[in-house]
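# Working through the structure, step by step
The residues making up each chain are set out below.
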Amino acid sequence: QVDLSSQSGLGLKEAANQIVAGDVLKLSPGVFSGPRHCGIVLSSDADVQIVGQHAVIDCSASNTRWLTITGGRVWLKGLTIRGGSSDRGGCISAAEAELQVSDSHFMNCTSQAKGGAVHVAGGSSTFDAVTFENCSASQGGAIF
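Let me begin by describing the structure that accompanies this report. For clarity, every value in this text was computed on a predicted model and none was experimentally measured.

The next subject is the side chain of His-105. Its location among the elements puts His-105 in strand E9 (residues 92-107). Polar contacts involving the side chain of His-105 include one to the side chain of Glu-133, which spans 3.0 Å. Not counting chain neighbours up to four residues away, the residues in contact with His-105 comprise Leu-79, Thr-80, Ile-81, Thr-131 and Glu-133.

We now examine the layout of surface pockets. Taken as a whole, the largest pocket holds about 150 Å³ of empty space. Every residue along the wall of the largest pocket is listed here: Ala-16, Asn-17, Ile-19, Val-20, Ala-21, Val-41, Leu-42, Ser-43, Asp-45, Ala-46 and Val-48. Of all the secondary structure elements, the ones that give two or more residues to the lining of the largest pocket are helix H1 (12-18) and strand E4 (40-42). Broken down by class, the residue content of the lining of the largest pocket amounts to 8 nonpolar, 2 polar and 1 charged.

Bridging between strand E6 (residues 67-70) and E9 involves 4 bridges; their strand directions are parallel. Within E9, the position partnered with Leu-67 by the bridge is Ile-92. Direction of pairing for strand E7 (residues 73-82) relative to E9: parallel, over a ladder of 8 bridges. Looking at the pairing, Arg-82 lines up with Met-107 of E9. Summarising the sheet, E9 and strand E11 (residues 118-133) pair through 14 bridges and their orientation is parallel. Within the sheet, the bridge partner assigned to His-105 lies in E11 and is Thr-131.

With that out of the way, let us pick up the pattern of salt bridges. For the coordinates displayed, the defined rule picks out 3 salt bridges. One salt bridge connects Asp-47 with Arg-73, and the closest N-O pair in it is separated by 3.0 Å. Taken together, the positions of Asp-47 in strand E5 (residues 47-58) and Arg-73 in strand E7 put the pair 26 residues apart, joining distant regions of the chain.

Here we come to the environment of Ile-143. If you trace the backbone, Ile-143 turns up in the segment after E11. Here the alpha-carbon distance between Ile-143 and Leu-76, two residues 67 residues apart in the chain, equals 15 Å. Every residue in contact with Ile-143, bar those within four places of it in the chain, is listed here: Gly-115, Val-118, Phe-127 and Phe-132.

Right, let's talk about the pairing of strand E2 (residues 24-27) for a bit. The two faces of a sheet get side chains in turn, since along a regular strand they alternate between them. Alignment of strand E1 (residues 2-4) against E2, held across 3 bridges, turns out to be parallel. Of the residues in E2, the one forming a bridge with Leu-4 is Leu-27. Taken together, E1, H1 and E2 form a β-α-β motif whose crossover is right-handed.

What counts as what
- Residues numbered from 1 in each chain as written.
- Predicted model: local features only at pLDDT ≥ 70, side-chain atom pairs only at ≥ 80, totals over all residues.
- Heavy atoms only, no water.
- Helix = DSSP H or I, 4+ residues; strand = E, 2+ residues; numbered from the N terminus.
- Polar contact = N/O pair within 3.5 Å; in protein donor to acceptor, adjacent residues only side chain to side chain.
- Contact = heavy atoms within 4.5 Å.
- 1 Å grid on protein atoms, 1.4 Å probe; cavity = no way out; pocket = protein on both sides within 12 Å on 5 of 7 lines; lining within 4 Å.
- Points joined across faces, edges and corners; volume = space filled by probe spheres on them.
- Nonpolar A, V, L, I, M, F, W, Y, C, P; charged D, E, K, R; others polar.
- Pairing = 2+ DSSP bridges.
- Salt bridge = Lys/Arg side-chain N within 4 Å of Asp/Glu carboxyl O.
- Right-handed = clockwise from strand over helix to strand, strands pointing away.

See below:
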């Protein structure tokens, strides 16, 4: 398990590079914003949980999506993700992956094409107790 505070010297990007399959990344309450916390890529060997305790991930100033998943299994819980922007999946893009999101909130996510908040291509996705606010795209304002 990796515990991360928004005030620590370690960014989400660095933490994501250090976690291994089976790890839980716990985010403390606070706002995680800027390039150290956005533009994360998890590859095919990912089998991780990212759990927030009133954690807000804000990629508004970074003009990028928060998370790209290219295979593997990722479970997100208790997060507010806002301000992501990309061509597909403004906040999250998942390809050939198993994505589970619960007890989370997406807001102000934009995509020029598909999936204002989340774009899923192949694999599977499950959303439970998830809200979407002011997310937009040409197709699938929230999820595509």
